[in-house]
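Structural characterization, general
Each chain, written out:
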Amino acid sequence: MEDRSTRKKAIASIIESQKIHTQEELIKALGEKGISATQATLSRDIKELGAVKVSDPEGGQYYRIRVATTIKSHFSAESVEISGQLCVIKVKPGFAPPVSATIDSAGLQGVMGTIAGDDTVLVMLREDADTAFISSSVKAMFNITDITVRVAEDKDCKYAKEICNEIFISSQERKTGIARRTPEYIQEKIKAGKAVIAITDGGEFAGFSYIESWGPQKFVANSGLIVAHRFRGLGLAKRIKEQTFKLSRALFPDAKIFSITTGAAVMKMNYEFGFRPVPFSELTDDPEFWK
C-alpha cells in the first residue's frame, strides 16, 4: 500500500500540472504513476489538500489547490474584483494592511505582491496568473461568497433532487414543516417560472423558494424557502424571500400573498416585509389548498 504522504504529494503534483476535471481523471493519472486509490480515499485526500474546483474558460470546472485554506485569516473583506493583472480587494477602513499581509503569507501562485491603502488592497498578478483560481482563493480566505439570487430557469432543474434533500433535512431538524417535495414537483415550478434560486459563482446550489397560486390566483403562497446548510448566516434567506415576493407580485399583481411558517426567524423576516398574522379563515377556501 502506498504511503499516504506520497499519494497526497502525487495528487498535488498532478493537479498543479494538469487540468483535472473529475476524480476519475485523477485516479487514472495516479495509476500512470503506479499509485492506486479508491474514490473514498481520493475524496478525503482532496479535502485535506484544500483542492477546489474552479471555472475552466474552455468549459466545465477543474481542480486547483487552494493555498488560502492553510491561512487562518481573522480579518474580513467585502469584495474582490480582477481586471487584467490587477486584483482590487475592498475591506473595512483600517483593515487593508493586515489583509495585505495575510495574502502575502498565503504564497498564492501568480501573485507578485500587494499594496495596502486604508480600505483597499491592490494585488499585482503575473501575466500568466490563473485569475479564476486567485479570485476563488482570496474569497475563501476572507469568507467572501458571490451568490446570485434570480428567477429559476429550465437549466436549474438539475438542482431539484438537492433542493428536495435540503427541504427534507431541514424539516427533520426543526421537527415541523413540510417534509417532502418530489424532484418532479420542484422541476414543475422551475419550468413554470414560479421559483427563485440562489447559485454561487462556482455553480453551487445555495438556496431556493417557489410560489403557488390558489383560488383561482386570488391567493399566492410563498413556499419552500430553504438555504443550503453551508450558506446559512449570510443573510441569504432574506434575499431569496425578497425576490420571491417580487416574483409573486409580478405574476399575480392582484392576489393576496401569504406565507405559512412555524419558524421564529422566518416569522420575523415576514413581518419586516410587511406580512401580518391572520387566522386561517382569511386564507383561500380552495379545497386543493386544504387537501
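Coordinates for the structure precede this section.
What counts, and at which threshold
- Residues numbered from 1 in each chain as written.
- Predicted model: local features only at pLDDT ≥ 70, side-chain atom pairs only at ≥ 80, totals over all residues.
- Heavy atoms only, no water.
- Core = buried A, V, L, I, M, F, W, Y, C linked by side-chain atoms within 4.5 Å.
- Buried < 20%, exposed > 50% of the residue type's maximum accessible area, 1.4 Å probe, protein only.
- Helix = DSSP H or I, 4+ residues; strand = E, 2+ residues; numbered from the N terminus.
- Contact = heavy atoms within 4.5 Å.
- Salt bridge = Lys/Arg side-chain N within 4 Å of Asp/Glu carboxyl O.
- Pairing = 2+ DSSP bridges.
- Axes fitted to C-alpha atoms, helices over the stretch in contact; angles between N-to-C directions.
- Parallel < 35°, antiparallel > 145°, perpendicular 65-115°, else oblique.
- Nonpolar A, V, L, I, M, F, W, Y, C, P; charged D, E, K, R; others polar.

Focus: the nonpolar core
Counting residues in hydrophobic clusters, the biggest one holds 33 residues, and the most contacted among them are Ile163, Ile186, Ile197, Phe205, Phe208 and Leu236. For this core, the elements supplying multiple residues, two or more each, are strand E7 (147-151), helix H6 (160-174), helix H7 (183-191), strand E8 (195-200), strand E9 (205-214), strand E10 (219-227) and helix H8 (236-251). Non-local contacts of Ile197, meaning those with residues more than four positions away in its chain, are made with Thr148, Val149, Arg150, Ala152, Asp156, Tyr159, Ile163, Phe205, Gly207 and Phe208. Ranked by size, the runner-up nonpolar core spans 21 residues in total, among them Ala106, Val111, Val121 and Val123.

Side note on the pattern of salt bridges
Counted by the stated rule, this structure contains seven salt bridges. Linking Arg7 and Asp45 is a salt bridge whose minimum nitrogen-to-oxygen distance equals 2.6 Å. In this pair, Arg7 sits in helix H1 (residues 4-17) while Asp45 sits in helix H3 (residues 39-49), placing the two residues 38 residues apart along the sequence. The class for Arg7 is buried, based on a relative accessible area of 6%. As a salt-bridge pair, Glu272 and Lys238 come within 3.3 Å of each other at their nearest N and O atoms. Of this pair, Glu272 sits in helix H9 (residues 264-272) while Lys238 sits in helix H8, and the two are 34 residues apart along the sequence. Take Lys238: its relative accessible area is 42%, and that puts it in the partly exposed class. Through salt bridges with shared partners, a single ionic network connects Lys238, Lys268 and Glu272.

Focus: the sheet that holds E7
The strand order across the open sheet built from five strands is E7-E8-E9-E10-E11, with neighbouring strands paired in mixed fashion. Taken across any chain shown, the strands that pair with only one partner, and hence form the sheet edges, are E7 and strand E11 (256-258). Strand-to-strand, the axes of this sheet are offset by a mean angle of 20°, without reference to chain direction. Relative to E9, E8 is paired through five bridges, and the arrangement is antiparallel. Looking at E9, one finds that Ala198 is bridged to Gly207. The sheet contacts of H8 involve E7, E8, E9, E10 and E11, and relative to E10 the element is tilted by about 155°.

Some thoughts on the pairing of strand E4 (residues 86-91)
Where burial is concerned, the two faces of E4 differ: the one with Cys87, Ile89 and Val91 is buried and the one with Leu86, Val88 and Lys90 is not. Pairing geometry for strand E3 (residues 77-83) and E4, over six bridges, is antiparallel. When the sheet's bridge partners are listed, Glu81 is paired in E4 with Val88.

A few points about the side chain of Asp45
Look at Asp45 and you get buried, because its relative accessible area is 0%. The contact partners of Asp45, leaving out residues within four places of it in the chain, are Arg4, Arg7, Lys8 and Ile11.

Observations regarding the sheet that holds strand E5 (residues 111-116)
Reading across from one edge, E3-E4-E6-E5 is the order of the four strands in this open sheet, with antiparallel pairing throughout. In this open sheet, the two strands that pair with only one neighbour each are E3 and E5. Direction aside, neighbouring strands of the sheet carry axes that sit 20° apart on average. Both E4 and strand E6 (residues 120-125) contribute to a ladder of five bridges, which runs antiparallel. Within the sheet, the bridge partner assigned to Cys87 lies in E6 and is Val123.

As for the packing of helix H2 (residues 23-32) against H3
Following both chains from N to C, one finds H2 and H3 inclined at 100°, their axes separated by 11 Å at the closest point. Comparing their axes, H3 and H2 come out roughly perpendicular. Facing Gln23, Glu24, Leu26, Ile27 and Leu30 of H2, the residues of H3 in contact are Gln39, Leu42, Ser43 and Ile46. In terms of residue class, the contact of H2 with H3 is built from five nonpolar, three polar and one charged.

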